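Breakdown of the fold
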Amino acid sequence: MPEGFTVWFTGLPSSGKSTLARLLEPVIQRRGLHVEVFDGDEVRQHLSKGLGFSKEDRDENIRRIAYVAGLVTRTGGVAITCAISPYRALRQEARQRIGRFVEVFVQCPVEECIERDVKGLYKKALSGEIQNFTGISDPYEEPENPEVVVETHRESPEESLSKIVRRLEELGYLPPEGFGGLTPVPVPTYLYREIQRRLDRSRFHDVSHYVTHLLVQALDDLQEMPITDQQRQQILGRLKELGYVE
Ligand SMILES: Nc1ncnc2c1ncn2[C@@H]1O[C@H](COP(=O)(O)OP(=O)(O)OP(=O)(O)O)[C@@H](O)[C@H]1O
Ligand SMILES: [Mg+2]
């Protein structure tokens, strides 16, 4: 089973969490991983129905999200969460619970968020119609050591997305696209199915991982190789980067 992880977005209302989560979801799916998105709004309609916006209720909301994100991560999936998650201590708690945790600080000046006001809630908060609104009448504690910072007031959504994807690759959570330049070998469907049937799922994510493993073994076993030492080193270096050999 592949190893899962959680991408934890945090930022002011209208900063761009949901937008980036929706862009990130298909990117991760294309790399062969299972993804679940826990968006604040949907969570509050189901998992956290009935909770309000007091400090206590906000904390409870985050604990529930961290719990389910932890389950997804533990079972080899990728959880993407997009809740404001304004309190540092609760994000820290989530990080500790989940382990493989990537905090993305979606930074945007509150003036710009007010301008965007995607859901019209800043207007209501500023006129006093709603209370305890993060950024206006409730605190937001900025992350101190997030894995990624995106600055959505000066980046396009695509630029912010590629920053996140690059970081996930650097951290080794996301396999590089198309195995980072290795040419995929075409396999007829019937053979693909047969290989899939033989997969030892505790060791290999999918057919490509398994086939790569067989190639590495063959490479190791070959006494004489029709390639130079330098080429061999290059190949081994790349396989090491990808985590297929120690
Ligand atoms: N680099 C960027 N990344 C994400 N969104 C951006 C960026 N630049 C501009 N935007 C715009 O900012 C808005 C962000 O809205 P979005 O609903 O994603 O915010 P949110 O953080 O999920 O807010 P909420 O906490 O209220 O759910 C969108 O209209 C989006 O198009
Ligand atoms: Mg949102």
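Residues numbered from 1 in each chain as written. Chains lettered and ligands numbered in written order. Predicted model: local features only at pLDDT ≥ 70, side-chain atom pairs only at ≥ 80, totals over all residues.

Some thoughts on the overall build of the chain
A tally of helices and strands in the chain yields ten helices and five strands. Along the longest, intermediate and shortest principal axes, the C-alpha atoms of the chain span 75 × 35 × 30 Å. Going through the 246 residues of the chain one by one, you find that 28% of them count as buried. Excluding contacts between residues fewer than 6 apart, the proportion of contacts in the chain whose partners are at least 24 apart in sequence is 72%. (Helix = DSSP H or I, 4+ residues; strand = E, 2+ residues; numbered from the N terminus. Buried ≥ 20, exposed ≤ 12 C-beta atoms within 10 Å, placed from the backbone. Contact = placed C-beta atoms within 7 Å.)

Notes on the site of ligand 1
Close to ligand 1 lie 20 residues; G16, K17, S18, T19 and T152 are nearest. At the level of elements, helix 1 (17–30) and helix 7 (157–170) are the ones that each hand at least two residues to the shell around ligand 1. Top contributing element to the shell around ligand 1 by residue count: helix 1, with four residues. Looking at the shell around ligand 1 residue by residue, the class counts come to six nonpolar, ten polar and four charged. (Near = placed C-beta within 6 Å. Nonpolar A, V, L, I, M, F, W, Y, C, P; charged D, E, K, R; others polar.)

Observations regarding the domain arrangement of the chain
Assigned domains within the chain: domain 1 (5–174) and domain 2 (178–241). Computed from C-alpha atoms alone, the centre-to-centre distance between domain 1 and domain 2 is 37 Å. (Domains from an automatic or database assignment.)

With respect to the packing of helix 1 against helix 7
It is at 10 Å that the axes of helix 1 and helix 7 come closest, and there the two elements cross at 55 degrees. The angle between the axes of helix 1 and helix 7 places the two elements in the oblique class. For the pair helix 1 and helix 7, the crossing hand works out as right-handed. From helix 1, T19, L20, L23, L24 and V27 reach across to helix 7, where they touch P157, S160, L161, I164 and V165. (Axes fitted to C-alpha atoms, helices over the stretch in contact; angles between N-to-C directions. Parallel < 35°, antiparallel > 145°, perpendicular 65-115°, else oblique. Left-handed = near helix turned anticlockwise from the far one by under 90°.)

Observations concerning the nonpolar core
V7, F9, V102 and V104 are the most contacted members of the largest nonpolar core, which totals 41 residues. With residues near it in sequence (within four places) discarded, V102 still touches F5, T6, V7, W8, E147, V148, L168, L171 and Y173. (Core = buried A, V, L, I, M, F, W, Y, C linked by C-beta atoms within 7 Å.)

Let's talk about unusual backbone geometry
At S85, a position not held by glycine, the phi torsion is positive, near 40 degrees. Among the structural elements, S85 can be located in the loop between strand 3 (78–82) and helix 4 (88–98). The class for S85 is buried, based on 27 C-beta atoms found within 10 Å. Its identity as a non-glycine residue notwithstanding, N132 has a phi of 50 degrees, on the positive side.

Quick notes on the packing of helix 8 (residues 189–198) against helix 9 (residues 207–221)
Where helix 8 meets helix 9, the axes come as close as 10 Å, and the angle between the chain directions of the two elements is 80 degrees. One way to sum up the angle between helix 8 and helix 9 is to call them roughly perpendicular. Between helix 8 and helix 9, the contacting residues are Y192, I195 and Q196 on the first element and V207, Y210 and V211 on the second. For the contact of helix 8 with helix 9, a count of residues per class yields five nonpolar, one polar and no charged.

Observations concerning the sheet that holds strand 3
If you walk across this open sheet you meet the five strands as 2-3-1-4-5, and the pairing is parallel. Two strands in the sheet have a free side with no partner beyond their single neighbour: strand 2 (35–39) and strand 5 (148–151). Strand-to-strand twist across the sheet, computed as the mean angle between neighbouring axes with direction ignored, equals 15 degrees. Where strand 2 and strand 3 come together, five bridges link them in parallel fashion. (Pairing = 2+ DSSP bridges.)

Comments concerning helix 3 (residues 55–74)
Between its first and last C-alpha, helix 3 extends 28 Å over 20 residues, near the 28 Å set by a 1.5 Å rise per residue. The complete set of buried residues in helix 3 reads R58, N61, I62, I65, A66, A69, V72 and T73. Looking down the long axis of helix 3, one finds its buried residues gathered within 135 degrees of arc, a one-sided arrangement. The inward-facing, buried residues of helix 3 contact strand 1 (5–10), strand 2, helix 2 (40–45), strand 3 and helix 4. Downstream of helix 3 by one or two residues, G76 has phi in the positive range, about 90 degrees. (Expected span 1.5 Å × (residues − 1). Arc of directions from axis to C-beta.)

Quick look at the environment of E155
Within the fold, E155 resides in the loop between strand 5 and helix 7. Residue contacts for E155: discarding those within four places in its chain leaves V150 and S160.

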